[in-house]
Amino acid sequence: MTTATAQTILQEACRDREEGRASDAAIRLDVLCRLDPALTEAHLQLVRTLIDLARPADAEAACRRALADNGLPVFHFELGLLLHHRGAWREALAVFEAALAGNLRLPAVLVNAADSAAHLGLFDRAEEHARRALALNPRSTTACKLLMSLAHARVRNLEALQWAWSLVTIYHRPDVDALSATMHPAMVVDQIDALIPPDVGTAPGTLVYLFARSAAIGHISQELFCLKTLFQGVFDEIVLVVPPLAPVERINRSVFDLCMRGVRVVETRSHTVMMSDLDIGTVARGNRTYILWSYLQLFRMFQTHLLLGNRPRFLTLTDEERAEGTRLLARMGVPEDARLVVLHVRTAGHYGGDSHFDFRNLDIRDYVRTIRHLTDRGYHVVRIGDRSMPRLPDLGGRVIDAPFSAHYQSLLEPAAIDRCDFMIASMSGPCSLARAMGKPVLALNAPPCFCNLPVGPELIAFRRIYDTRGPRPRLLSYAEILDRRICDFVTRRDYDFAGIRLETLGEDELVEITGEMIAFLADPAGHPGAFQRRFAALSRADHERRAADPGLALHCRDWRGYALPTATVSTRFCELHGGFLPD
């Protein structure tokens with residue numbers, strides 16, 4: 001093949017890819033790589049096209065073929081990225097270090113080598129690679145964050161605080177780098193103290209917590225619930241430092257006030273508050289203790305606290321709020337003695353169509369038969385959310401589409417949850433509020449991730465989870481889901497890159513599982529059976545594996561998750577999907 005012909009085919013393939021014909025591009029590139037194995041660009045384009053097509057196994061095979069054809073270190077790097085993403089840390093580290101040995105000494109190679117080493121618990125090796133990456137690129141936020149995590153894992157909290165300050169500074173200050181942003185830990189604490197007014201944080205025992213996600217109902221509910229359970233009564237005063245609360249279009253003020261009751265809130269425009277997403281540790285000075293944890297670390301400490309036999313401190317309405325909530329529900333047609341179910345079905349509208357978390361979105365039309373099933377059994381159903389959601393059809397006087405009611409007020413959501421027999425949800429902010437208020441949850445169409453950890457009676461029915469990488473989609477068992485760490489997937493890209501597809505349950509299934517929830521609440525102790533025993537055994541084994549894995553602990557992914565005794569899998573779901581928990 002002449003060089004001109006090869007270049008023409010390559011250009012046509014690139015045009016196919018740019019114009020959305022990735023499958024055609026992959027075919028052209030595969031043929032070109034076989035006809036001209038030395039053409040590096042064709043191999044690179046093929047690997048990246050296969051990744052775009054969510055075909056990571058084929059992309060990995062293409063990388064290995066390119067290495068066999070020409071051995072260039074860039075393909076060690078590409079292969080390392082694919083291995084890293086599927087959790088093959090040891091092999092990933094080996095190929096990243098092979099790329100370094102081949103003189104591909106780029107910050108991205110060093111950072112990924114460092115992260116692979118960290119996952120393996122090789123912290124000294126990880127630190128060496130991360131420091132080399134930062135020397136090459138002093139604005140590498142990834143290297144800086146990894147060095148902070150390594151310091152945190154070794155309980156070097158003051159060093160972690162230094163790296164955290166450098167990290168948030170280079171995020172928000174394009175004119176500085178990590179090394180010039182380095183500040184003595186005492187000076188970082190001074191920066192936090194400077195945000196707090198003189199009349200706040202003066203109690204003998206004051207806890208200070210940075211809280212950047214104060215506009216998200218799920219984080220408001222869960223983080224405050226965890227903080228109060230862990231620390232209310234231990235400290236005399238809890239101070240939250242938050243970004244500006246105005247404009248507050250996405251904040252339900254009644255929920256915010258409920259969660260923040262008994263807490264001092266300090267607003268700031270300083271980027272210091274962005275350290276709230278980082279795991280640093282605890283730092284004490286004078287009368288103040290600074291809890292510098294990410295929400296993942298906070299949840300982990302909360303679950304440890306419960307497993308030690310401590311009880312949660314549920315969020316509660318005041319008597320006045322409860323009375324006003326009763327009047328509000330009555331105006332909407334819900335009698336005071338009604339049996340009530342609250343429903344929330346997440347849609348994209350609240351976040352403006354953001355696709356990052358769209359795997360959590362569902363279609364309210366799939367729940368119409370479930371709503372009718374509940375009303376036929378004498379329940380009232382209050383659907384909560386906002387006006388960006390599609391309306392429900394008219395399902396009779398027992399169904400209140402609350403956001404579209406003329407009587408709607410922000411108190412409606414916490415009041416309805418407070419009154420309900422149980423809530424139906426999947427993975428969304430309002431179901432976090434139900435958990436924080438101690439209400440039973442039916443998690444219908446739940447994704448596998450551990451983010452919403454159960455603290456009370458909870459019945460879980462997962463979405464169907466398929467591996468699409470073979471000749472035909474294959475339904476995965478719970479053991480396979482745990483083994484492939486799909487429970488750690490938190491974005492759409494995680495699922496797409498791994499070739500995993502989530503499929504919602506059918507309408508008949510939702511009705512049957514809802515009926516099971518009603519029976520479950522009538523006799524929770526009588527529910528566990530063979531499916532639950534297998535589910536609990538697999539969950540506990542996975543927790544024990546994770547707890548012994550220093551790399552998972554480093555990234556706060558050693559979740560207890562479904563190993564908690566309050567997590568109950570739906571028997572009917574398991575019966576309908578026999579491959580989920582086989583004998």
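Source: prediction; values computed, not measured. (Residues numbered from 1 in each chain as written. Predicted model: local features only at pLDDT ≥ 70, side-chain atom pairs only at ≥ 80, totals over all residues. Heavy atoms only, no water.)

Trainee: Help me out: how do you make sense of the pairing of strand β7 (residues 379-383) in this one?
Mentor: In summary, the side chains of a regular strand alternate between the two faces of the sheet. A large share of β7 lies buried, amounting to five of its five residues. Residues Tyr379, Val381 and Arg383 of β7 are buried on one face, and the alternating residues His380 and Val382, pointing to the opposite face, are buried as well. Pairing analysis gives five bridges linking strand β6 (residues 339-343) to β7, with the strands arranged parallel. By the bridge assignment for β7, valine 342 is matched with valine 382. Here β7 runs beside strand β8 (residues 399-401); their pairing, made up of three bridges, is parallel. Looking across to β8, one finds that valine 382 is bridged to isoleucine 400. (Buried < 20%, exposed > 50% of the residue type's maximum accessible area, 1.4 Å probe, protein only. Helix = DSSP H or I, 4+ residues; strand = E, 2+ residues; numbered from the N terminus. Pairing = 2+ DSSP bridges.)

Trainee: Can you help me understand the environment of arginine 131 in this one?
Mentor: Topologically, arginine 131 is positioned in helix α8 (residues 123-136). For the pair arginine 131 and threonine 49, spaced 82 residues apart in sequence, the C-alpha to C-alpha distance is 32 Å. Residues within four places of arginine 131 in sequence aside, it is in contact with Leu147, Glu159 and Trp163. (Contact = heavy atoms within 4.5 Å.)

Trainee: In this structure, what is going on with the side chain of glutamate 223? I would like to understand it.
Mentor: The residue glutamate 223 is located in helix α12 (residues 217-231) in this model. The side chain of glutamate 223 is buried and forms no salt bridge, while arginine 213, the nearest opposite charge, is found at 5.2 Å. A distance of 2.6 Å separates polar atoms of two side chains, one belonging to glutamate 223 and the other to tyrosine 209. If sequence neighbours within four positions are ignored, glutamate 223 has contacts with Tyr209, Phe211, Arg213, Tyr295, Leu298 and Phe299. (Lys, Arg positive; Asp, Glu negative; His and termini not counted. Salt bridge = Lys/Arg side-chain N within 4 Å of Asp/Glu carboxyl O. Polar contact = N/O pair within 3.5 Å; in protein donor to acceptor, adjacent residues only side chain to side chain.)

Trainee: Teacher, can you tell me more about the side chain of arginine 464 here?
Mentor: As for its placement among the helices and strands, arginine 464 is situated in strand β12 (residues 464-467). Judged by relative accessible area, which is 13%, arginine 464 ranks as buried. Side chain to side chain, arginine 464 and glutamate 509 meet in a polar contact 2.9 Å long. A polar contact of 3.5 Å, which involves the side chain of arginine 464, links it to the side chain of histidine 577.

Trainee: How do you make sense of the pattern of salt bridges when you look at a structure like this?
Mentor: Two side chains bearing opposite charge may form a pair once their charged atoms approach each other closely. Counted by the stated rule, this structure contains 45 salt bridges. With a shortest N-O distance of 3.5 Å, glutamate 324 and arginine 331 are connected by a salt bridge. For arginine 331, a relative accessible area of 39% puts it in the partly exposed group. Salt bridges sharing common partners tie together Asp124, Glu127, Arg131, Arg154, Arg156 and Glu159.

Trainee: What should I look at first to understand the state of the cysteines in this one?
Mentor: Chemically, a disulfide is nothing more than a covalent bond linking the sulfur atoms of two cysteines. If you walk through the whole model with that rule in mind, you get zero disulfides. With no disulfide partner, cysteine 487 has as its closest neighbouring cysteine sulfur the one in cysteine 449, 7.9 Å distant. A relative accessible area of 3% means that cysteine 487 is categorised as buried. (Disulfide = S-S within 2.5 Å.)

Trainee: Even after reading the chapter, I still don't get the nonpolar core, so can you show me in this structure?
Mentor: Within soluble globular proteins, side chains that are nonpolar tend to cluster in buried spots. Ranked by size, the top nonpolar core spans 78 residues in total, and within it Leu161, Met275, Leu278, Ile280 and Leu292 carry the most contacts. When sequence neighbours within four positions are dropped, the list of residues in contact with leucine 292 reads Leu161, Ile192, Leu210, Leu278, Asp279, Ile280, Gly281 and Val283. In terms of nonpolar packing, the next biggest core, distinct from the first, is built from 59 residues, Leu317, Cys420, Met423 and Ala425 among them. (Core = buried A, V, L, I, M, F, W, Y, C linked by side-chain atoms within 4.5 Å.)

Trainee: For this particular structure, what's the right way to read helix α9 (residues 141-153)?
Mentor: Because an α-helix packs 3.6 residues into every turn, residues spaced three or four apart end up facing the same way. Relative to the 18 Å expected for 13 residues at 1.5 Å per residue, α9 spans 18 Å between its end C-alpha atoms, a close match to the ideal helical length. Among the residues of α9, Ala143, Cys144, Leu146, Leu147, Met148, Ser149, Leu150, Ala151 and His152 are the ones counted as buried. Contact partners of the buried residues in α9: α7 (107-119), α8, α10 (157-172), β4 (281-285), α14 (295-307) and α23 (550-554). Within two residues after α9, valine 155 carries a phi angle of roughly 55°, on the positive side. (Expected span 1.5 Å × (residues − 1).)

Trainee: For this particular structure, what's the right way to read the packing of aromatic side chains?
Mentor: Here the distance between the centres and the angle between the planes together describe a pair of aromatic rings. Summed over all chains, the structure comprises 18 aromatic pairs. An aromatic cluster is present here, built from Phe462, Tyr478, Phe535, Tyr562, Phe573 and Phe580 joined pairwise through their rings. Lying over the aromatic face of tyrosine 379, arginine 339 brings its terminal NZ or CZ to 4.3 Å of the ring centre. The lysine or arginine in question, arginine 501, covers the ring of tyrosine 466, its NZ or CZ lying 4.8 Å from the ring centre. (Phe/Tyr/Trp six-rings, centres within 6.5 Å; stacked < 30°, edge-to-face > 60°. Lys NZ or Arg CZ within 6 Å of the ring centre and 35° of its normal.)

Trainee: In this structure, what is going on with the sheet that holds strand β13 (residues 474-475)? I would like to understand it.
Mentor: Working definition: the strands of a sheet are paired by backbone hydrogen bonds and lie parallel or antiparallel to each other. Strand order in the open sheet formed by three strands is β13-β12-β14, and the pairing between neighbours is antiparallel. In the strand order of this sheet, the two ends are held by β13 and β14 (500-503), each with one partner. Two elements, β12 and β13, share two bridges in a ladder whose sense is antiparallel. Among the inter-strand pairings, aspartate 467 is bridged to a residue of β13, identified as arginine 474.

Trainee: Help me understand unusual backbone geometry, please; the structure alone is not making it clear to me.
Mentor: Among all residues except glycine, the phi angle is most often negative; among peptide bonds, the trans geometry is most common. For asparagine 103, which is not glycine, the phi dihedral falls at a positive 70°. Note on placement: asparagine 103 falls in the loop between α6 (89-101) and α7. Given a relative accessible area of 56%, asparagine 103 falls into the exposed group. Residue valine 155 is not a glycine yet carries a positive backbone phi of 55°.

Trainee: Help me understand helix α4 (residues 56-70), please; the structure alone is not making it clear to me.
Mentor: Between its terminal C-alpha atoms α4 stretches 21 Å, which fits the 21 Å expected from 15 residues at 1.5 Å a residue. Among the residues of α4, Pro56, Ala59, Glu60, Ala62, Cys63, Ala66 and Leu67 are the ones counted as buried. Considered in projection along α4, the buried side chains sweep an arc of 160° and stay on one side of the axis. Structurally, α4 contributes buried residues whose contacts are with α3 (40-52), α5 (73-85) and α20 (492-497). Taken from the residues just after α4, glycine 71 is the one with a positive phi, measuring 65°. (Arc of directions from axis to C-beta.)

Coordinates in, geometry out; function isn't part of it.
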